Amino acid sequence: MSNPVNVYDARADHAVVAAESPLAYSYASSGTPAPARHSRVVMAERAFLGHLILRGGAIVIDEALREVLGLSLPGRPNTLTVADDGRYSVQWLSPDEWLLIVPGGEEFAVEGKLRQALGESHFAIVSVGGGQTVIELSGEAARDVLMKSTAYDVHPHAFPVGKGVTTCFAKTNVILRRPDEARWEIIVRRSFADYVYRWLLDAGEEYGIGVTRESHHEA
Amino acid sequence: MNQPNRLAQGGRIDRRQPLSFRFNGQTYQGYAGDTLASALLANGVDLVNRSFKYSRPRGIVAAGAEEPNAVVQLGSTPATQVPNVRATQQALYDGLEARSTNGWPDAQRDVMRWVGKLGGPFMPPGFYYKTFMAPDSMWMTYEKAIRKTAGLGSSPTAADPDRYDHMNQHCDVLVVGAGPAGLSAALAAAHAGARVILCDEQEEMGGSLLDSRAQLDDRPAAQWARETLATLAEMDNVTLLPRTTANGYHDHHFVTLHERRTEHLGETAVSADGHRPVRSRMHRVRAGQVVLATGAHERPLVYAHNDVPGNLLAGAVSTYIRRYGVVPGNRLVLSTSNDHAYRAALDWQEAGREVAAIVDARDAPEGDVVERARAAGIRIITGSAVIEAKGSQRVSAARVARIDREAFTVVGQVETLACDTIASSGGYSPVIHLASHTGARPVWDESILGFVPTTVAGVHAAGGARGVYPLNAVLADGLDTGVRAATALGFTAATPAAASPHCEAPDEGPACALFQVPHEKSTLRAPKQFVDLQNDVTAGAIEVATREGFESIEHVKRYTAMGFGTDQGKLGNINGMAIAARCLGQSIPETGTTVFRPNYTPVPFGVIVGRHCRELFDPARYTPLQAWHEANGAEFEDVGQWKRPWYFPRERRTAEGTRLETMHEAVVRECRAVREGVGILDASTLGKIDIQGADAREFLGRIYTNKWQKLAPGRVRYGLMCGDDGMVMDDGTTSCLAENHFLMTTTTGNAAPVLEWLELWHQTEWPELDVSFTSVTDHWATMTLTGPEARKLLAELTDIDLDREAFKFMDWREGHVAGVPARVFRISFTGELAFEINVQAHYAMHVWKALFAHGDKYGLTPYGTETMHVLRAEKGFIIVGQDTDGSVTPEDLGMHWAIGYDKPFPWIGKRALTRSDTRRENRKQLVGLRPKDPSVVLEEGAQIVFDPDHAIPMPMVGHVTSSYYSPTLESGFALAVVKGGHQRMGESVYLPMADGRVHEAEIVGTQFVDPKGERQHV
Amino acid sequence: MQRYSGFGLVKHALRHHEDWQRQWRNPTPKPGYDVIIVGGGGHGLATAYYLAKEHGITNVAVLEKGWLGGGNTARNTTIVRSNYLWDESAALYEHAMKHWEGLSQELNYNVMFSQRGVLNLGHTLQDMRDIQRRVNANRLNGIDGEVLDAQGVQSLVPIMDCSKHARYPVMGASWQPRAGVARHDAVAWGYARAADALGVDLLQNTEVTGFKIRDGRILGVHTNRGDIEAKTVGCVTAGNSSVLARMAGLNLPLESHPLQALVSEPLKPVLDTVVMSNHVHGYISQSDKGDLVIGAGIDGYNGYGQRGSYPTVEHTLQAIVEMFPIFSRVRMNRQWGGIVDTCPDACPILSKTKVKGLYFNCGWGTGGFKATPGSGHVFAASLAKGEMHPIAAPFSIDRFHSGALIDEHGAAGVAH
Amino acid sequence: MFHIYCPYCEEHREEEEFHPKGQAHIARPDDPDACSDEEWGDYLFFRDNPRGIHHELWVHAVGCRKFFNITRHTVSYEILETYKMGAQPQVTAAPRETGEAHGAEGRADAKDIHEGVRA
C-alpha cells in the first residue's frame, strides 16, 4: 500500500529565499508607528512560526506529544499549555482538535515524529503556518483594545493566563490567548491579517498604539 | 449678562464658568452645568419650537428625556449638524449653536402657523386618509408639499468628521440609573463582590437626589450621592458610566449603553494628548442580572391649551429651580392630583417668586407638604383643576374650576387666575421601557395609577421604576434589589450593615386619578387639549378615533400618531390610554398598554456602526501578492471579501500621448498572451481543504456527484457538488495526495460554506467515517502559469520533470520552484498547457518575482479575473454562481460525465435528480451561443426568446450567463441556459435588448476553442 | 359607507367632528359563513374585499386574533415593487402593482401609494449581471425597469456615496420608476372599511383554536368565541401559518423568522427614492412623516418573538452609513420586528391543501406587503371558484414535492 | 443577542459565534431511492416551525466548529438546554392537552382524524 498521507516539508531556506510574513503588506501600506513613551499598547508580530493542527483522540495525542515534545495536551476546553521555555505551545481548539506552535523550521520534523508516535491511530496533522501569524499585544491598554474588538470577556477573572479561545474579532475570527501575564496573542489568518492590523491601529490610536518589528523579520 | 430668570444663587451650575451660545441666531449666556434648556429658560426664551402638525408655538415642558417640544437642530457646519436634539438633554458648551427645527422663516414668525390656525379644524386624525385621493395621479404632487411640511430637523449634508466605537462589557450586575435606587443597588451588589456597571443618562449622577430637599444621615441628599459615588469609584469591581443611556434591552440580558463622551464639550470631538477621542461609544453589555433603577416620569394633566409656552411639569419646575438656579416665570399656578408636586410651589416661593394658587383635584389633601404649603400662606384650591390655559405665545392666565372627576364635568364657576406659568402633575409613570423591550408586558397597578414591569428572571426593577416613590422606601428597595441580584448569582451579600442611610419617611396623602381634565365644553368642542405634544395629538383626536371604530389602543395610536414622536410618548401615552379608556367605557388595563421598543432615547447611527465603516466596513482579504498587483497597476474586482486583480492595464502610446489601456484592450492583450505565449494568474483565493483519514475517499464519493474510488495518488480530478435538492452548489478539483489524503479546492466565494458543509455531513450523518477537514486556503499561495510557453519557463526554475509523459495533464508533482518547495498541479482552467504552482504563502512573492525574472523572454503576462473568465468560457468551463443560480442540476449543465449514477452510496443530490420536475425535457440547459453578427458581444443577463415578434409579455426561454469578446475567435460568444437547449443545436434564438435591437444567435456547443482539448495536453 | 372627500372633511369640521361614522362595524359572530378568512392582515382583508366585490360572496367573516392589520402589515418597511425575476413571481407582483395604481380611489381611502421609484444597487460584476438579467426579464414581461450605471445612480440620489473609495463601490443599479412605498396601516384599514361596507364581518379578538374537519373536508373553525361554520376557509396568517396548519394536521415548508426594521427620527426631505442594496445589505426610504425607514435581512433562527438580534441592526446601519455617510449623525428612533414566514425558494404559497375547502396563502417571507392587493385578488378568485387562479397556480405546495421551485433566491436581488 | 452554552466548549458564548442551521433531528432517509417524491420533498423542505419549544441545530462556527442541538422557546427565546449531536433532548413540548380530545374523538369516528385538534 502506498503512503497513506503525504507529509511535505514546505519550508524554504530563509537564508536564501525572501520570505514575507502575512503583515508584510500592511507594514508597507499602513505604516508602523513606533512605540513611544505615551504608548499604552504595543503590537508585535511573531512571524514564521511552525503551526500544526492536530486532530484525533485526546489520549493518543497527549501520549505522542509527551513523547515527542514533553508537552502535555490541554484536555480541558479553552486552555493552553506553554512549555517552560515558551518556545512550544499547544492549545485546545475543539474536543478533537489542537493547535501546536513550534519554532519556525521545526514543524516538519515535529510532524514526522508525532506521526511516528501516533502510529496506526485515527488522527490527522496539518501544517498551516503559511496561512496564519501571531500578533502580540502588550501594555496596560491591551485589554481595552481587545474589549473594542471582541465580545469575549477578557476580564482577568474570565480570561486567566493559560486560556485560549477561538472567537469573533471585529468582523473576522481569530484565536485569542494569554500565554503569560504581560501578553495577549492573537492568531489571525493571513488573508485577514491586514484587516486586523488596520483595525488594531485604529482601535489603539486612542492609547497611542506602537508597533515593534522583530529584529529577525525579513522585509 | 442678562439672564432674567437666573437666581442669584443656588443650583449646581458653576457661575464662575460663563458660556456663550447661539439659539435661532441670538447670542445668549449660560453657565457650565446648564443644559441648553435651562440656559434658554434662564434667558427667558419661551418659544423654542413650532409644533409638527398645527405649527403652534411651543416651550420647554420637562427637564429630561421625556421632553417633547424642545427639539432643536444642533451644529454650525454641514458636517456637524445633529437633528432633533432635546434641549433638556444637551449640556451647554461654549459656542453651542442651535436653532428650532420647525418654523419658517423662524419659529417666532412662522408662516405655517396660519395653516395650523385656519386649517387645524380640518385636520382631524387620519384626515390624509380621507383626502388628497383625486385623481390618483395627483397624490405625488400633494405628497411633495406634505413631505416638506413634515419632518423635524435636517440631516447633515457632509460626512461626519467624528469617530465612534464599541466596548464589549461583561458584568454580574448592571444597574441602570444612578438615582437613590440605583446607587443603593450598585453599592449592595458591589459590596457582595459582584462585577457591577452603573450607568446614568444624565450629565451628573445622582438622579432625583440632586434636587431633593431630603436629608440622608443628616446631610443633604446630594452630598450623600456624591459620597456614595466616591465610594463606588474606588471599588475595582465597579465601572461607573455617566452620560450613558441604556437604550435597548435585548435577549439574555444583553443591554446596549450609549455613552456620550464629547457631546458636552463641543460639536466635534477635540484631540487630547494628540489623540482623537471617539465622540461616543456603545457599550455592548452582557450582564448576569440587571437592576432597572430608571425612576418614573411625571405625567402632565391634559387641559385646554396645555401646550402654550409656560405650561410645565411640576417636577421640571423644581428641577430648574434647585438644580440650575432658574425660575422659569414670575407667577405660578400649580395643578395637581398628588402631594409630591407641591414641592414645585414651595420651591417657587422660596425662589422669591409668586405662587397664585395650588389647584388640587382632591377634595381634602392632607400630607406634610400640603401643610407646609398652607403654612407658607399659599392659596390651595381643592376639588379643582386648571381646565384651560390662556395666552398665545406665553401663558397669561389659568382658568380654574371645580371638577367632578366621576362625571367628567366642570362644576360651578370658573375662576381666572392671572399667571405666566402653569405647572401640572397627574402623578407618575414608572419608566418601564427597558423592561418591556424583551417582550414582557407591563401590568397596571391601581395603587400607584401606573404600569409596572412584570417579573422576568434576572431583571429587577427598583424604586420608582416599579412604583415605589417615597425616598426612604426607594433607598431600601434599591439596597434590597442589589442584594437580590448579587445573591441570585451566588454572591454572598454582606448583611445590610451598609444599609440605607437614615431618611425621614414623609407623610404623603393618597393621589387621585386624573388624566384629562374636563372642560365646560365637550372634548370635541373645547379648545385643544394636548396629549402628545410632539405629534399634536389631542384628547379630541383620540375621541374621534374611538368613534370611528379604532378601539384597540394600537389602532388609536396608529390612527392618531400618538407616541410615534422622538419622545415615544413618554409624557403622553398613559394619558392617551386613559382617554381612550374613558371614550370606550373601559378601564385602563382593559384598554391595554403598548410595548415599548428600543431605543429608549434616539441613538446616532454612527455609534451603532462603531468602527465598522469606511475601510473597516468589511474585511478586505488580500493574497500574498497584493503589493505586487498594486505596484503593477492592477484594477481590482471584489469577489466575496477578496480583492482580486481584475485586469492589468498598461500604458499605451497613441497619437494623443500615453494613456492607460481600456479593460477591453488589456483583456485582449492578456488573452493573446495566454493563448500564444504564457500568462500568470494569482489563484490564491481558491478555497483549499486538506482532507485526511482512512475514509476520506468514501466521504468524497458521498459529497461529490462523480466517482473517487479509483483516483490514484499523484492524480487530480474535477468534482461537482450538489445540495440534496440536486442543484449544483460548488465545483473544483480535488487531488489525491496519498491514499488517505486529499486536497480539495473550492470556488473563491464558497471556501467557508463548503468546509461547513463537509463538517455538517460528517458530524451529523456519518460520524463513523474516519476523516477530518482543515482549511489550508491561506497556507498555500497558488500561481497559475499557463500558455504554450509555460513549460519552458517553468523548466528554468524547477527540479520537477515537466516532460509531458512524466507529468501528464491532471497529474500533480512535488519539487522546488525557484528554490521553494512546491506542489505543482497540471490542471487547466484556460484550455492551455497549465501548471498551478502551490507554495507556502510566505514564499509566494519570491516565486512570483522569480518567474517574472525569467519570464520576459516568453512574454510572461500577468492576467486578472476578466481574462480568466474569457479563457474559461471559450472552453465551456462553468463558474458556479454565474452560469448556475441555484436552479441548475449537473444534467442541465450537460455534465453527465461527472455524475456517478451507479455509485453504491446514494450521494448528496442524487435522489432529487429523479423528481418529476428535474426529469422534465424542457429544463433550461447550458449551451453556447454564437451571435449571428460576430461583432456583437451579447449582454450578460440578456433574456432569450424563440419568437422575437411575440407580443409582450414574451415567453422567455433562458438567458445569457457569460458573454465576452474572444480575441481567439475574433468574435463575441456566450454561454447561456436555454429551454431544451441540448436538443436545439444549430437553432436560432433571439435576444431583444433594452434599446430595441434584437440580436440573433445560434445555439452551439459550449466549447468554442480547442473542443477536443488537445492544447491542455501538450 | 360614508364617503370621504375634502368637502366632507369641511362639513365634519363645522360639526366639530362629532358625527364621523365607524370605519367598520364590530359585529358578533354568526354561526356560519360562506367563507371564513383566518387572519385580518392586509392580505386577509383584501381577500375578503375582493370576494365580496368581485365574486358577490358577502357572507364572509375575517377572524383576527388581535387587531386588524396588527401583524406584518403594521411592521413592514412599506416598499412596493414588481421587478421580480421569474415569470411566475413577476406576474403575481405586477398584478398587485396594477391594483396599487388606483387603489386609493377604489377604496375611497388614501393609501398614499407613492411611486417614487426603487433602486436595487449593484456592487459587484455578478450583481450587475443579475441586474441585467432581471431588468431584461422585467421588460419582456411588460414591467418597467432600467439598468443605471454609477453616474445614473448618483444623479438620482446625490447624497449617496457613489465614489470609488467605498469598500464596495456602487457599480450601477436597476431602477423601477413605478415602484415606491405606501402607507401600510391605511392599506389594512382601507380594505377593512370597504369589505365591511360590502357586508363582510370583521371579527377582531377572535382567535382560531382548531378546525372542524370531517371526511377530509373543512366544516368550520373553533374559536375563543365559539364554533363558526364554513365550507371554505382561507388561512392568511403569515408568520403563524405553521401553527394554524398544525391544527389541521398539515405540515408546511415554512420557517418563521424575525425580520427587523428601524426608523430614524423625522427629518426634512432628504431622500426621494427607495434605495436597496443586497450586497452591503440594507434598504432605506424616507416616509412622508420624515423618518428614514430602514431594514435588511432576517435573523437566521426561527422566532415568533417579534424581535431579533441586535447585531442584525448593527449590520444594517453599517450598510446604510456605508451608502450614506452623511447619515452618521442622524439618530435611530425605534426598532421592531415582524415574524416572516419564509419558503425555501423565497416565493409564497397560494394553495389548496389535503383538506378539501381549506386553503393557505402564506410564505411571503419578506415580500408580503407589496403583494397585498394582488394576493388578495387572486386568492379571492381561487376561493370563490374552488380552483386556483392561473396567477396563483404555480405557487402550489406541490412544488416542494415535484421540485418545480420558483427560485427567487437565485438572482432576484433583495427579496423585500 | 443570544448567549449560548456550547456543550463542547463548556461555556457560554455570544450568538455571533454561532450559525443556526434549522430544525434538529432531521435524519437523511437511509434509502433515498426508495423514497417517493413526496417523502423526499418532506425531508428537504417541510419543517415543524413550532410556536413554542423548538429543537434546532446550530454550529459553533467561530469556535470549536462543532454542530450541536439547542432546545429553545421560539417566543421567549429562552434557551432551555443545549446538547451534543447524537443526544436526545431532555426538554420537550408538553403533549398537547387537546391531543387527548383528538384521541377521544378519533375513537368515536376514525374518519374524524382532525376533529377537535387544537393547539
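Only a predicted model underlies this, so the values are computations on that prediction, with no experimental measurement involved. (Residues numbered from 1 in each chain as written. Chains lettered and ligands numbered in written order. Predicted model: local features only at pLDDT ≥ 70, side-chain atom pairs only at ≥ 80, totals over all residues. Heavy atoms only, no water.)

Peer 1: Looking at this model, I keep getting lost on the interface of chain B and chain C. Mind explaining?
Peer 2: Where the parts come together, the accessible area they lose is often given as the size of the interface. The interface is formed by 124 residues belonging to chain B together with 103 residues belonging to chain C. When chain B packs against chain C, the two sides together hide about 9,800 Å² of surface, and 53% of this comes from carbon and sulfur. Across the pair B:Asp160 and C:Arg329 runs a salt bridge whose closest N-O atoms are separated by 3.1 Å. Here two bridges tie strand 31 (residues 603-604) of chain B to strand 17 (residues 331-342) of chain C, and the two strands are oriented antiparallel to one another. Each bridged residue has a counterpart across the sheet, and for B:Val603 the counterpart in strand 17 of chain C is C:Met332. (Contact = heavy atoms within 4.5 Å. Buried area = accessible area lost by both parts, 1.4 Å probe. Salt bridge = Lys/Arg side-chain N within 4 Å of Asp/Glu carboxyl O. Pairing = 2+ DSSP bridges. Helix = DSSP H or I, 4+ residues; strand = E, 2+ residues; numbered from the N terminus.)

Peer 1: Please explain the interface of chain A and chain B as it appears in this structure.
Peer 2: Counting from both sides, the interface comprises 61 residues of chain A and, opposite them, 64 residues of chain B. Contact with chain B buries area across many residues of chain A, yet A:Asn6, A:Tyr8 and A:Tyr25 alone supply 13% of it, more than any other trio. Our count for the contact surface shared by chain A and chain B stands at eight salt bridges. Here A:Asp202 ties to B:Arg611 by a salt bridge, and the two come within 2.8 Å at their closest N and O atoms.

Peer 1: In this structure, what is going on with the sheet that holds strand 41 (residues 772-775) of chain B? I would like to understand it.
Peer 2: Backbone-to-backbone hydrogen bonds pair the strands of a sheet. The strands run either parallel or antiparallel. Residue and element names in this part refer to chain B. The five strands lie next to each other as 38-39-40-37-41, forming an open sheet whose pairing is antiparallel. Only two strands of the sheet have a single partner each, and these edge strands are strand 38 (716-722) and strand 41. Averaged over all neighbouring strand pairs, the angle between strand axes comes to 30°, with direction disregarded. Pairing of strand 37 (residues 687-692) with strand 40 (residues 741-746), which is carried by six bridges, proceeds in the antiparallel orientation. The residue of strand 40 that forms the bridge with Asp690 is Leu743. (Axes fitted to C-alpha atoms, helices over the stretch in contact; angles between N-to-C directions.)

Peer 1: Hey, could you run me through the pairing of strand 34 (residues 651-654) of chain B in this one?
Peer 2: A regular strand places its side chains so that they alternate between the two faces of the sheet. Residue and element names in this part refer to chain B. Pairing analysis gives four bridges linking strand 34 to strand 35 (residues 657-660), with the strands arranged antiparallel. Residue pairing across strands places Thr654 opposite Gly657, the latter belonging to strand 35. The antiparallel hairpin formed by strand 34 and strand 35 contains two residues in its connecting segment.

Peer 1: Can you help me understand the environment of B:Gln882 in this one?
Peer 2: Within the fold, B:Gln882 resides in the loop between helix 23 (865-874) and strand 47 (924-931). The class of B:Gln882 is buried, set by a relative accessible area of 5%. Taking the C-alpha atoms as reference, B:Gln882 lies 10.0 Å from B:Gly941; in sequence the two are 59 residues apart. Beyond its immediate sequence surroundings of up to four residues, B:Gln882 is in contact with B:His869, B:Arg872, B:Glu940, B:Thr961, B:Ser962, B:Tyr964, C:Gln126 and C:Arg129. Here B:Ser962 takes part through its side chain, which lies 3.0 Å from a polar atom of the side chain of B:Gln882. (Buried < 20%, exposed > 50% of the residue type's maximum accessible area, 1.4 Å probe, protein only. Polar contact = N/O pair within 3.5 Å; in protein donor to acceptor, adjacent residues only side chain to side chain.)

Peer 1: Whenever I open this one, the packing of helix 5 (residues 180-191) of chain B against helix 6 (residues 221-234) of chain B confuses me. Can you help?
Peer 2: For any two helices packed against each other, one specifies the crossing angle of their axes together with the interaxial distance. Residue and element names in this part refer to chain B. Their axes nearest at 11 Å, the elements helix 5 and helix 6 cross at an angle of 30°. Taken together, the axes of helix 5 and helix 6 lie roughly parallel to each other. Taken as a pair, helix 5 and helix 6 cross one another with a handedness that is left-handed. Contacts from Leu183, Ser184, Ala186, Leu187 and Ala190 of helix 5 reach helix 6 at Trp224, Ala225, Thr228, Leu229, Thr231 and Leu232. In terms of residue class, the contact of helix 5 with helix 6 is built from eight nonpolar, three polar and no charged. (Parallel < 35°, antiparallel > 145°, perpendicular 65-115°, else oblique. Left-handed = near helix turned anticlockwise from the far one by under 90°. Nonpolar A, V, L, I, M, F, W, Y, C, P; charged D, E, K, R; others polar.)

Peer 1: Can you walk me through the pattern of salt bridges in this structure?
Peer 2: All chains considered together, the criterion is met by 124 salt bridges over all chains. Here B:Asp480 ties to B:Arg484 by a salt bridge, and the two come within 3.4 Å at their closest N and O atoms. Here B:Arg484 and B:Asp480 lie together in helix 11 (residues 471-488), a separation of four residues that amounts to about one turn. Residue B:Arg484 is classed as partly exposed on the basis of its relative accessible area, which comes to 37%. Two residues, B:Glu940 and C:Arg129, come together in a salt bridge whose shortest N-O distance is 2.7 Å. Of this pair, B:Glu940 sits in the loop between strand 47 and strand 48 (943-944) while C:Arg129 is found in helix 5 (residues 125-140), placing the two residues in two different chains. Accessibility assignment for this pair places B:Glu940 and C:Arg129 in one class, buried. Linked through salt bridges whose partners overlap, the residues forming this network are A:Lys148, A:Asp202, A:Glu206, B:Arg163, B:Asp165, B:Glu259, B:Arg261, B:Arg281 and B:Arg611.

Peer 1: I tried to follow the packing of aromatic side chains on my own but got confused; where do I start?
Peer 2: To describe a pair of aromatic rings, one takes the distance between the centres and the angle between the planes. One pass over the full model with this rule turns up 59 aromatic pairs over all chains. Arranged with centres 6.0 Å apart and planes meeting at 45°, the rings of B:Phe254 and C:Tyr310 form a pair that is tilted. Here B:Phe254, found in strand 14 (residues 254-260), pairs with C:Tyr310, found in helix 9 (residues 310-323), and the two come from separate chains. On the accessibility criterion, B:Phe254 (1% relative accessible area) is buried. Seen from their ring centres, B:Trp848 and B:Phe852 are 5.7 Å apart, and the 45° between their planes marks the pair as tilted. Taken together, the residues span about one helical turn, with B:Trp848 and B:Phe852 both in helix 22 (residues 844-855) at a distance of four residues. Neither B:Trp848 nor B:Phe852 differs from the other in exposure class; each is buried. Among the aromatic residues, those joined into a ring-pair cluster are B:Phe127, B:Tyr128, B:Tyr129, B:Phe550, B:Tyr559, C:Tyr4, C:Trp20, C:Trp24, C:Tyr109 and C:Trp189. (Phe/Tyr/Trp six-rings, centres within 6.5 Å; stacked < 30°, edge-to-face > 60°.)

Peer 1: What exactly am I supposed to notice about helix 10 (residues 368-385) of chain C here?
Peer 2: Residue and element names in this part refer to chain C. Compared with the 26 Å implied by 1.5 Å per residue over 18 residues, the 23 Å span of helix 10 between its first and last C-alpha is a close match. Where helix 10 bends most, at Gly374, the angle is about 45°. Burial runs high along helix 10: 16 of the 18 residues are buried. At the exit of helix 10 stands Gly386, carrying a positive phi of roughly 75°. (Expected span 1.5 Å × (residues − 1). Bend = angle between axes of the 7 residues up to and from the residue.)

Peer 1: Mind showing me how you'd approach the pairing of strand 51 (residues 988-992) of chain B here?
Peer 2: Residue and element names in this part refer to chain B. Looking at chain direction, strand 51 and strand 52 (residues 998-1004) are connected through five bridges and run antiparallel. Its bridge partner being in strand 52, Pro992 is matched across the sheet by Val998. Hairpin connection, strand 51 to strand 52: the antiparallel pair is bridged by five residues, and Gly996 has positive phi, about 95°.

Peer 1: Before we go on, may I ask you to explain the domain arrangement of chain B in this structure?
Peer 2: Residue and element names in this part refer to chain B. Taken domain by domain, chain B consists of domain 1 (14-150), domain 2 (164-293 + 430-498), domain 3 (299-427 + 511-521), domain 4 (626-684 + 780-872), domain 5 (687-775) and domain 6 (921-1018). Measuring from the centre of the C-alpha atoms in domain 2 to the corresponding centre in domain 3 gives 32 Å. The interface is formed by nine residues belonging to domain 2 together with twelve residues belonging to domain 3. Interface of domain 2 and domain 3: buried area, both sides summed, is about 930 Å²; carbon and sulfur atoms make up 39% of it. Of all residues in domain 2, the largest losses of buried area upon contact with domain 3 belong to Asp211, Arg213 and Leu449, amounting jointly to 75% of the total for that side. Inspection of the domain 2/domain 3 interface yields two salt bridges. For Glu350, the salt bridge is made with Arg213, and the minimal N-O distance between the two is 3.0 Å. Counting the contacts that link domain 2 with domain 3 gives seven residue pairs in polar contact (both at pLDDT 80 or more). A class-by-class count of the residues in the side of domain 2 that touches domain 3 yields three nonpolar, three polar and three charged. (Domains from an automatic or database assignment.)

Peer 1: Would you mind going over the environment of C:Ser104 with me for this structure?
Peer 2: Within the secondary structure layout, C:Ser104 lies in helix 4 (residues 103-107). Aside from chain neighbours lying at most four places away, what touches C:Ser104 is B:Met133, B:Asp136, C:Tyr109, C:Asn110, C:Val111 and C:Met112.

Peer 1: What should I look at first to understand the side chain of B:Ser212 in this one?
Peer 2: Residue and element names in this part refer to chain B. Mapping Ser212 onto the fold places it in the loop between strand 9 (196-199) and strand 10 (215-216). Using a relative accessible area of 17% as the deciding quantity, one classes Ser212 as buried. Engagement of the side chain of Ser212 in a polar contact is seen with the backbone nitrogen of Ala214, the distance being 2.9 Å. Discounting chain neighbours no more than four positions away, the residues touching Ser212 are Ala221, Arg322, Arg343 and Leu471.

Peer 1: Help me understand the sheet that holds strand 23 (residues 409-418) of chain B in this model?
Peer 2: Residue and element names in this part refer to chain B. Here we have three strands laid out as an open sheet, ordered 21-22-23, and antiparallel in their pairing. Two strands bound the open sheet, and with one partner strand each, they are strand 21 (384-390) and strand 23. Across the sheet, the axes of successive neighbouring strands diverge by a mean angle of 25°, strand direction being ignored.

Peer 1: Mind showing me how you'd approach the nonpolar core here?
Peer 2: For soluble globular proteins, the rule of thumb is that nonpolar side chains tend to be buried together. By size, the foremost hydrophobic cluster in this structure holds 143 residues, and its most contacted members are B:Tyr320 and C:Trp100. In this structure, B:Ile691, C:Ile218, C:Leu358 and D:Tyr43 belong to the second largest nonpolar core, which totals 68 residues. (Core = buried A, V, L, I, M, F, W, Y, C linked by side-chain atoms within 4.5 Å.)

Peer 1: So what exactly am I meant to see when it comes to a negative patch on the surface here?
Peer 2: All names here are of chain B. Taken together, Glu366, Asp368, Glu504, Asp507 and Glu508 make up a surface patch of like negative charges. Following the sequence through the fold, Asp507 ends up in the loop between helix 11 and strand 29 (530-532). Judged by its relative accessible area of 44%, Asp507 falls in the partly exposed class. (Patch = residues over 30% accessible without salt bridge, like charges linked within 9 Å, V, L, I, M, F, W, Y side chains within 5 Å. Areas by Shrake-Rupley, 256 points an atom, 1.4 Å probe, with all protein chains shown as cover. Lys, Arg positive; Asp, Glu negative; His and termini not counted. Charge placed at Lys NZ, Arg CZ, Asp CG, Glu CD.)

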